[in-house]
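Each chain, written out:
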Amino acid sequence: MKISHIQHLYHRVGFGISPKESLLLSKKSKKTIVNDLCNQSKKVSPILLDVSFLDDFTPETLKNPENKMLLNKLSREKVNSFSVAWFERLQHPTEILREKMTLFWANHFVCENNNIVFVQQYNNILRENALGNFRDFVKKISKTAAMLNYLNNKQNKKGSPNENFARELMELFTLGQNQYSENDIKEAARAFTGYNHKEKGEFDFKINQHDDKEKTFFGKTGNFNGDDIIDVILEKKECARFISEKIYTYFVNEKINKSHIDKMVDVFYKDYNIEKLVHFVFVSKWFYEDENIGIKIKSPLELLIGIHTIVPYQMEKSQQIILLQNLLGQVLMRPPNVAGWKTGKYWIDSNTIITRLRLPAVLLNNAQITFSEKGNEESTINELKNNKLERKTYLKVFADWTSFEVNFKNTSPEEMISQIISSKINAGTLANLLKNLHHSKKDFSIQLMSLPEYQLC
Amino acid sequence: MKRRDFLKQTTFVSGMFFVPHFLKAFESFPKKTFSNKKLVIIQLKGGNDGLNTVIPFQNDLYYQERKNIALKNADFFKISDEVALHNSFQPLQKIYNKGYLSILNNVGYPNPNLSHFRATDIWQTASDSNEYLQNGWVGRYLDFIEGKPYNAIEVDQALSLMMKGNTINGLAITDPNLLFKSMYEPFFSNLIINYEEAHLSDHNLGYLYNTLIDTKSSANHIFEKIKTKNSTEEYPKNILGKQLKTISEFINSGLETQVYYASLSGFDTHANQPNAQSRLLKMYAETMEIFVNDLQKNNTFDDVLILTFSEFGRRLKQNKSNGTDHGTSNNVFVIGKNIKKQGLYNSLPNLADLDANGNLKHEIDFREIYATILDKWLAVDDTSILNKSFSKLNFI
């Protein structure tokens, strides 16, 4: 397989690849490489944090409101630790495709919660099902404590329905806008009544709160429950199309090519197997066409982990990564709302472009970073005292230049340009780069990663 | 280039900046500005307890439901036979007496959400409570006027959803000098100077370079204007004071910015509310007094409207920790010289008519306030910005 195609594949399936590894792979065929990628992701490695602090709280002690507030506070902090653990997982993934798909689903089945038990369970369900069967996946999501809380299905009861989940199930999770009527939402909501969960997050179907009368949904009438509704939705080919388009946007191009999508829908609609669908994309010829290479704006996470692929780094204070994610506009575990992050050009504004271009210098060259500590909706007045509108700091980052030197040992400066940058390069910028070929590889790599061109993959 | 020079570039050591003229070619100004009026938006983050801010001191239900935290006579000052304001608001009394303050009560929206982040999201995007938008109402205002980033400024280092539009985003900035300096690092200048305008098309690479150019042009505009004006007023040394000082300098310098956004957090008073809220309201009121004075001295107050909101109010019934829990509708403060309805815009909430969760019912949809401001103050088509038509109010 051509080196440039291997790089393209790995930019999209993962976060990039070192020249040393791509050279090794170049002896293999496309099919073998894609099969290997899928096989390496068969395993599921959940992220599990120590949550033993919860044992200190009992139903008895929680009657005291102050204990309850303490629990909430500790749980929130643990969610931040989970966010950090997830980031570190992305830095060192063993199942690369699975992790990239987990990130995809986290911006599809968007959810936020401050209960660490629910958050952990939810995130690992995304990971387990990332390459599995979409039908099972949706059904499992509908029963998670995190989602039952986030979209209020917990409050959806016989006689007093809450339509929030039913609406977003169709609008955001399966069909997209304008594919259903308001009446379909009402009827679907009735089918999801009685869904609830226990304290540790296990699904709890409260039969007394379930509306077991007949419902008419998408022209079908029956005594439907939530799973039945999902089955009826998935009978619609629009569902396979909706997901295929979203996956195409994520892995291939934001400009939809209808004939490519049609083929994806044919593959996906058969049995809603996610792995088969992405495998089909990665072996297709069109995936490697020039118009699809080096044109996607990297998400903040793709940018942060992409730099790590070139120069591995480790933050001394691990929570500082949240600060960087915040400045870049994408904090893991903290989506803006259930519609998720808007991607592509929407990652870029005046502030994020500056932060992005300075990022390699901040991470690898000890450049100063400025951030604001205005606090958020959950901050307390006591935290306010030391807050600063503008705080300048240096992040302590351990950059592993030794690995970089090994990986780029046989790469010439000219080759470094094509190894690190996959987009077309503005002529004036390229002319400047060519003048700088005599710089050390270390400096030159930072220079390359600081370019607007590096924002693309 | 020598290694040392390159390191300077990549670490963005400042002190090397210069002001080249090549940029003039790239600079462009907003195509349409409809009004020279300014809007300053302030969010009291965490959910300010409106019932202990604008106090129904004649209402028995207020005292019954708030045995420990109801304010006593010594804690407030009366503005009518039935209504009083928290003592911390005393710095606002002059503003109030001059008729520059309008208090809108019972502001909310149907099916209120009690989560901080979702409620903030609803206020920032101006969505229905069952609708999820990915851009903010100020961002859509920028889209509408085909503005530049500096037309809407948030005093922060990262931009909120409220300020993000479909085609254009506002600018987050805490210090114009810092932004200017970083944009005049040789690294950025080199990138921009070498970018051919012919390629400024709508593909992604072009978009990235364009954003950089726009940022530099905004940094320029702000820096050029701002260097003439430093505020001489003594603002409180707290985080809101610093934000409003920056905003006053921007306004008084004649910056072509229509919307500013600042915030103060800490209002999530689940426990031991009285002291915490008192300190926060004092910070707010003191800052506003100085801000208004500052604008008046510079003859800019006529063109400024200040809108203060909180993502929700708090429940009537206090909790067991001498605090209050998340509620629904709340009061909104509008400060300006040309307020039509001074003082109380409408009557206080009916404490006997609560929703199923014991929360206040709303009377004014917050988007009616936005629609009014967009239409009457910023002179733009509110319907296309809010994606819907809302009835207008009479406060301006």
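Residues numbered from 1 in each chain as written. Chains lettered and ligands numbered in written order. Predicted model: local features only at pLDDT ≥ 70, side-chain atom pairs only at ≥ 80, totals over all residues.

Enquirer: Break down the pairing of strand 4 (residues 83–86) of chain B for me, citing the residues and quoting the values.
Expert: Residues and elements named next belong to chain B. Two elements, strand 2 (residues 54–56) and strand 4, share three bridges in a ladder whose sense is antiparallel. Among the inter-strand pairings, Pro 56 is bridged to a residue of strand 4, identified as Val 83. Here strand 3 (residues 76–78) hands over to strand 4 after four residues, the two strands then running antiparallel side by side. (Pairing = 2+ DSSP bridges. Helix = DSSP H or I, 4+ residues; strand = E, 2+ residues; numbered from the N terminus.)

Enquirer: Account for the sheet that holds strand 2 of chain B, with residues named and values stated.
Expert: Residue and element names in this part refer to chain B. If you walk across this open sheet you meet the three strands as 2-4-3, and the pairing is antiparallel. Since the sheet does not close on itself, it has two edges, and those belong to strand 2 and strand 3, each with one partner. The mean inter-strand angle of the sheet, taken between neighbouring strand axes irrespective of direction, is 35°. (Axes fitted to C-alpha atoms, helices over the stretch in contact; angles between N-to-C directions.)

Enquirer: Can you explain the nonpolar core? Please cite residues and give values.
Expert: Leu 39, Tyr 141, Tyr 284, Leu 307, Ile 335, Tyr 370 and Ile 373 of chain B are the most contacted members of the largest nonpolar core, which totals 126 residues. Element by element, the count of residues in this core is highest for helix 10 (residues 273–297) of chain B, at eleven residues. Look past the residues within four positions of Tyr 141 of chain B in its chain and what remains in contact with it is Val 259, Leu 374, Leu 378, Val 380 and Ile 385 of chain B. Formed by 115 residues, the second largest nonpolar core is a distinct cluster that contains Phe 165, Phe 251, Leu 324 and Ile 420 of chain A. (Core = buried A, V, L, I, M, F, W, Y, C linked by C-beta atoms within 7 Å. Buried ≥ 20, exposed ≤ 12 C-beta atoms within 10 Å, placed from the backbone. Contact = placed C-beta atoms within 7 Å.)

Enquirer: Hey, could you go over unusual backbone geometry for me, with residue numbers and the actual values?
Expert: All names here are of chain A. Within the chain, Met 333 stands out as a residue other than glycine whose phi angle is a positive 80°. With respect to the helices and strands, the residue Met 333 is situated in the loop between helix 16 (320–328) and helix 17 (350–364). Look at Asn 366: it is not a glycine, yet its phi comes out positive at around 55°. Following the sequence through the fold, Asn 366 ends up in the loop between helix 17 and strand 6 (368–371).

Enquirer: Pulling in residues and values, what's your account of the domain arrangement of chain A?
Expert: Residues and elements named next belong to chain A. Per the domain assignment, the segments of chain A are domain 1 (41–132) and domain 2 (300–455). One C-alpha centre belongs to domain 1, the other to domain 2; they are set 25 Å apart. Counting residues at the interface gives 14 residues for domain 1 and 16 residues for domain 2. Per element, the largest residue contribution to the side of domain 1 that touches domain 2 is nine residues, and it comes from helix 4 (residues 65–91). Along the lines of polarity and charge, the residues of the side of domain 1 that touches domain 2 split into nine nonpolar, four polar and one charged. (Domains from an automatic or database assignment. Nonpolar A, V, L, I, M, F, W, Y, C, P; charged D, E, K, R; others polar.)

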